[in-house]
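Coordinates in review
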Amino acid sequence: MASYRSIGFMGLHLLLHMILLISPASGIGVNWGTQATHPLPPSTVVRMLRDNGFQKVKLFEADANILKALGKSGIQVMVGIPNDMLLTLANSVEAAEDWVTQNVSSHVSSNAVDIRYVAVGNEPFLSTLNGSYVGLTLPALVNIQSALIKAGLANQVKVTVPLNADVYQTSTNVPSGGDFRSDIRDTMLQIVKFLNDNGAPFTVNIYPFISLYNDPNFPADFAFFKGSSSAINDGGKVYQNVFDANHDTLVWALQKYGYGNLSIIVGEIGWPTDGDINANPKNAEQFNQGFMSRITAGQGTPMRPSPVDAYLFSLIDEDAKSIRPGNFERHWGLFYIDGQPKYPLRLGTTNSNGLVPAMDVHYLAKKWCVMSPAARLDDPQLEPSVSYACSHGDCTSLGYGTSCGNLDSRGNISYAFNNYYQINNQLDSACKFPDGLSVVTGNDPSVGDCKFRIMIQDTTAANIGMASSLRLNIIVFVSLLVFTLP
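Only a predicted model underlies this, so the values are computations on that prediction, with no experimental measurement involved. (Residues numbered from 1 in each chain as written. Predicted model: local features only at pLDDT ≥ 70, side-chain atom pairs only at ≥ 80, totals over all residues. Heavy atoms only, no water.)

1. Things to note about the packing of aromatic side chains
- Within the structure shown, the criterion is met by 24 aromatic pairs.
- Measuring from centroid to centroid gives 6.4 Å for F180 and F202, while their planes differ by 25 degrees, and the two rings are stacked. Of this pair, F180 sits in strand β8 (residues 178-180) while F202 is found in strand β9 (residues 202-205), placing the two residues 22 residues apart along the sequence.
- Taking relative accessible area as the criterion, F180 reaches 1% and is therefore assigned buried.
- Centre to centre, the rings of F328 and W332 are 5.9 Å apart; their planes meet at 85 degrees, and the pair counts as edge-to-face. You'll find F328 and W332 in the same group, each marked buried.
- One Lys or Arg, K56, reaches over the ring of Y311 and ends 5.0 Å from the middle of that ring.
- A cation over a ring is seen here: K342 above Y336, with NZ or CZ 5.4 Å from the ring centre. (Phe/Tyr/Trp six-rings, centres within 6.5 Å; stacked < 30°, edge-to-face > 60°. Helix = DSSP H or I, 4+ residues; strand = E, 2+ residues; numbered from the N terminus. Buried < 20%, exposed > 50% of the residue type's maximum accessible area, 1.4 Å probe, protein only. Lys NZ or Arg CZ within 6 Å of the ring centre and 35° of its normal.)

Shown next as structure tokens:
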């Protein structure tokens, strides 16, 4: 390595400029997911980001309209590549070059988007994926890096792979026993070496909520940041919460193989507000405020005392997300799908004492679809109707321990009907279940914390098309019920 003396003034100036470009960004970031039936306009969301002082945003795919809206916003961007693209990118340098040209170069040059990272894949080594992407991730990473070099962007834009925390583990129940999962260890070490060689960060998603969700015996206080009776002492380093312990297990795994100085980004961290007994606004506020208070205080972990570089998960609820991991998956947002805050949260980025809501949001009419007072609970058409409404809507707020868990049978049915009705833009045909089971009302059926929400207006082409085709779907559905059920 050349000494500082041999670099000279111009060389040192260039070196400092490069360091500024590739050093981890300060401040807090947030994930912006788009799996929603009625997404807010990108310009509205970008204003939300700025109003709340978010300095960084992580995207799961390269949406041209979103990237354009982020142009000249002053917000740094991590743009993602979905797992289903890894096969193509792994097998073709040309495909990687085309992707970079279309989704990075054009936006950096034409729209002045401050893209800092390309996230290659999203948790591709999850054990539930059965190794589908283990052989594809590194080749895709290499090809994207080559494409960035060819585009002259490799100093400004770094590659990374957002990985779930299940890629490492400890055999000693303390962080210092950290190592990479045995079935993917060789691949992980190749990726780590590649990231290190290219000045790129290791990105990991850490979810204390999942620890609590998966293990009913997990000490609840250890999931938060207020101290715990289950603290871990690891050679004099005391761990009062599972986030620190999890994070430093990774640090030890990296250190074990000579990469102890590799920078780490926490790509996702947060707490859901519904869909499970432990998922509620109170717990989410406690967790996220505890985490943010550490960030603003400049506190890191026992092994990495400097502030954590992190992206909260997530900005807005996604009511069309898969619920295979659990009903809570649609409720990670700091904001509801209409951009309204769920609870007070001080990010420390603005003078506001809480989150700033989305502006200029327009709603559909104040009307709801509910179970008709004249309908009977033993109507044979009722069960398939509710099943249809929930499978084509979102009933994840129903059930034990959820926000609507205290509704009676009629309340549950009304909630299912109304959600389906709102998702389908209050079309008359979306509240015409067979046997007169449903009726439109102007009286808000909300009860306590259980909100029967009015949908926001959506003028996207996709939903306009959905609305026009829904009429036929409803007619077919009702006809099937009438002619096939006893």
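2. Quick look at empty space enclosed by the protein
- Counted by the stated rule, this structure contains 4 cavities of 30 Å³ or more.
- Of the pockets and cavities examined, the largest cavity occupies roughly 70 Å³.
- Contributing to the lining of the largest cavity are W32, G33, T34, A36, H38, P39, L40, V45, I316, D317 and I337. (1 Å grid on protein atoms, 1.4 Å probe; cavity = no way out; pocket = protein on both sides within 12 Å on 5 of 7 lines; lining within 4 Å. Points joined across faces, edges and corners; volume = space filled by probe spheres on them.)

3. Considerations on helix α12 (residues 409-423)
- Here α12 contains 15 residues, and its C-alpha end-to-end distance of 22 Å stays within 8% of the 21 Å for a straight helix at 1.5 Å per residue.
- By the criterion of burial, α12 is predominantly enclosed, with 12 of the 15 residues buried.
- Along α12, the residues classified as buried are G411, I413, S414, Y415, A416, F417, N418, N419, Y420, Y421, Q422 and I423.
- Two to three positions downstream of the cap, the backbone nitrogen of R410 sits 3.3 Å from a side-chain oxygen, assigning the N-cap of α12 to D408.
- Trailing α12 by a residue or two, N425 shows a phi angle of about 60 degrees, which is positive. (Expected span 1.5 Å × (residues − 1). Polar contact = N/O pair within 3.5 Å; in protein donor to acceptor, adjacent residues only side chain to side chain.)

4. A short note on the nonpolar core
- The biggest cluster of nonpolar side chains holds 135 residues, and the ones touching the most others in it are L70, V104, I144, F202, F291 and L312.
- Among residues more than four places away in sequence, those in contact with F291 are I28, F225, F243, I269, A310 and L312.
- If you look at the next biggest cluster of nonpolar residues, it comprises 5 residues, including M78, A119, I265 and Y311. (Core = buried A, V, L, I, M, F, W, Y, C linked by side-chain atoms within 4.5 Å. Contact = heavy atoms within 4.5 Å.)

5. Things to note about unusual backbone geometry
- In this chain, F313 is followed by S314 through a cis amide linkage whose omega measures -5 degrees.
- Here S314 lies in the loop between β13 (309-312) and β14 (368-371).
- In this structure, A112 takes a positive phi of about 55 degrees despite not being glycine.
- By the secondary structure assignment, A112 is in the loop between α5 (93-110) and β4 (114-120).
- One non-glycine residue, N173, lies in positive phi territory at about 65 degrees.
- Position of N173 relative to the elements: it lies in the loop between β7 (168-170) and β8.

6. Some remarks on the pairing of strand β12 (residues 264-269)
- Counting buried positions over the 6 residues of β12 gives 6, a clear majority of the element.
- Here β9 runs beside β12; their pairing, made up of 4 bridges, is parallel. In the strand pairing of β12, F202 is matched with I264.
- Relative to β13, β12 is paired through 3 bridges, and the arrangement is parallel. Bridge pairing in β13 links I265 to D309. (Pairing = 2+ DSSP bridges.)

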